[in-house]
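# Examining the three-dimensional arrangement
Now for the letters of each chain:
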Amino acid sequence: MPGRNRRTIGDLAADTDALAREALLDLSPDAAPAMLRTFAQVVQSAARLASMLPALGMGATREPDVMVRLQAVGRGIGRSVSVSRWPGPGPIDDRMAEMAQNLNRAAALVDRYGRDVQPTTPEARADSAAAHDRVMHAVYVAAHATTAAITRHTADLQRQLDLGARRRHRPPDEPKPSVVPGVRNYLSRLDVFEQLAGVYLAGHPVTLTALGEASAPPPGTRLELAIARWDIQAHRTLAAQPSPPDLVRVARTQALIATTALIITAAADDQGKVDSGAVQRLTPALEAAQIAWTLTANLWSNVKSPTGRTDPNLIRAASDIRTAIAATAHTPTGWASPQQLAEQLDLANTVKVLQLGMVASVDVAHVMREVAAVGQGAMAVTGDVSPDFQAHSRTPAPAHHLGMSLLTEATNARSGQSVLESLPEPRRRHELVNQVDRVIATAASAVAMTAPMAPSVPRRADTRSPKQQPQERDPSPVPRPTAQGR
């Protein structure tokens with residue numbers, strides 16, 4: 001089980017912003033309905049937090065009217081979603097739900113500890129303003145991600161309608177032409193939201209120089225504990241009939257650990273804390289592991305059920321490790337430079353911590369392989385088999401090219417066997433097991449390359465005077481005098 005939630009308001013705001021960016025980078029047309037169902041919840045949670053932040057001393061820097069207007073637009077979208085035919089009732093988006101939970105947690109912290117606090121120093125006021133700007137940026141990016149997903153979803157709907165118009169017998173699940181105008185109405189309203197938020201952000205850019213976040217240095221054990229807790233929770237979730245969203249979360253988090261190991265190891269090499277030759281051998285292995293985990297996440301993201309949900313404990317553990325990495329190796333706008341990392345971290349020790357994380361990832365991959373081979377739970381794959389992943393090992397395949405679709409639990413119950421289990425062995429191994437085998441191979445290779453890494457101490461110039469410097473000695477052995485020669 002993850003430990004107590006010790007994340008600060010700044011941690012929660014930064015993690016929410018990171019989740020919004022992740023949603024934008026990991027778009028899927030199929031996710032559009034769930035994202036729209038959850039969007040209003042994110043906006044309401046952000047508005048609640050923003051309304052409380054002035055108690056922390058926002059003062060003259062606060063611009064409340066923008067968030068109040070955004071809240072009104074978001075509330076209107078939420079009402080329409082609850083009564084319209086599209087997207088209709090259904091699951092919510094896990095990532096955006098986690099954003100809302102972060103914002104609610106931050107608001108609870110402000111309500112409990114910050115209502116009577118009135119910072120007077122410029123640093124404290126800047127820190128409060130940075131939290132406000134983070135929240136605004138997060139909802140702006142979330143709106144843009146939702147817009148992009150709906151745009152792709154609309155294009156898919158139109159293609160289905162165009163294809164159906166040429167068929168004599170249309171399938172019963174074909175979308176109705178009347179749905180498309182309603183979907184486009186949401187695009188128009190989200191565009192209004194983006195423009196309102198964009199006006200604010202134009203004057204408050206979320207950049208390294210603009211943000212004035214103040215945070216204490218993270219404890220030296222924070223990343224180590226987060227990785228250990230993640231490893232324990234990943235094994236527990238995978239051992240308890242995981243859903244496809246669980247497997248996606250595991251693969252993405254392992255890819256993040258591999259990326260962090262790349263960044264920290266490169267910084268340690270730059271600062272002379274590890275052996276450069278070992279780093280040169282390790283870097284390609286870490287890159288391959290990161291790509292393999294990303295491909296696996298893309299694959300499992302298409303094996304989903306309408307009722308599939310992510311284990312809340314896994315969500316919590318992933319949030320903890322993501323926040324620990326951000327606090328350890330990030331600046332407000334991205335990865336820290338090697339010099340910055342050297343100033344705030346014991347690089348040699350952090351490299352060892354990440355090595356342990358990579359070692360644990362090998363066993364996580366083995367457990368995931370068992371899940372793929374056995375086909376636990378309601379996981380299923382249908383449709384045409386995608387091209388061999390080996391041919392695309394350097395480029396993650398777009399989600400909609402993997403040829404997979406949904407399977408409801410009712411279908412599984414009627415058949416008594418999941419489609420994943422009923423697939424011929426070559427096809428099942430091709431799509432699932434073989435990909436995880438590549439993860440195991442790349443992760444094991446990265447672990448093997450970490451073994452010879454050791455601190456590298458640069459030699460310093462000798463500034464002693466000639467009299468103080470040791471005299472060179474003949475390397476040949478000198479005979480010891482015998483008793484007779486004394």
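## Focus on the overall build of the protein
Regarding its fold elements, the protein presents 15 helices and 2 strands. For the protein, buried positions account for 47% of its 486 residues. Within the protein, counting contacts between residues at least 6 apart in sequence, those at least 24 apart form 89% of the total. Total accessible area computed for the protein in this model is approximately 24,300 Å², and 54% of it derives from carbon and sulfur atoms.

## Focus: empty space enclosed by the protein
Per the counting criterion, the structure on display carries 3 cavities of 30 Å³ or more. Taken as a whole, the largest cavity spans an internal volume of roughly 50 Å³. For the largest cavity, the lining is made up of 10 residues, of which Ala-261, Thr-265, Leu-282, Val-351 and Gln-355 are closest to its centre. The set of elements that each furnish at least two residues to the lining of the largest cavity consists of helix H8 (244-270), helix H9 (276-300) and helix H12 (347-374). At 4 residues, the largest contribution of residues to the lining of the largest cavity is made by H12. Residues that form the lining of the largest cavity fall into these classes: 7 nonpolar, 3 polar and no charged.

## A few points about the confidence of the model for the protein
Mean pLDDT over the protein: 75, with 67% of residues reaching 70 or higher. Per-element confidence in the protein is highest for helix H2 (residues 32-52), whose mean pLDDT is 93, and lowest for helix H13 (residues 409-415), whose mean pLDDT is 31. Below a pLDDT of 50 lies the segment residues 55-62, which in the model reaches 20 contacts outside its immediate sequence neighbourhood of four places, other chains included.

## Here's the deal with the packing of aromatic side chains
Applying the stated criterion across every chain yields a total of 2 aromatic pairs. Here Phe-39 and Phe-193 contribute two aromatic rings whose centre-to-centre distance is 5.1 Å and whose plane-to-plane angle is 75°, an arrangement assigned as edge-to-face. Here Phe-193 lies in helix H6 (residues 179-203) and Phe-39 lies in helix H2, a separation of 154 residues in the sequence.

How each quantity is defined
- Residues numbered from 1 in each chain as written.
- Predicted model: local features only at pLDDT ≥ 70, side-chain atom pairs only at ≥ 80, totals over all residues.
- Heavy atoms only, no water.
- Helix = DSSP H or I, 4+ residues; strand = E, 2+ residues; numbered from the N terminus.
- Buried < 20%, exposed > 50% of the residue type's maximum accessible area, 1.4 Å probe, protein only.
- Contact = heavy atoms within 4.5 Å.
- Areas by Shrake-Rupley, 256 points an atom, 1.4 Å probe, with all protein chains shown as cover.
- 1 Å grid on protein atoms, 1.4 Å probe; cavity = no way out; pocket = protein on both sides within 12 Å on 5 of 7 lines; lining within 4 Å.
- Points joined across faces, edges and corners; volume = space filled by probe spheres on them.
- Nonpolar A, V, L, I, M, F, W, Y, C, P; charged D, E, K, R; others polar.
- pLDDT = per-residue confidence, 0-100.
- Phe/Tyr/Trp six-rings, centres within 6.5 Å; stacked < 30°, edge-to-face > 60°.

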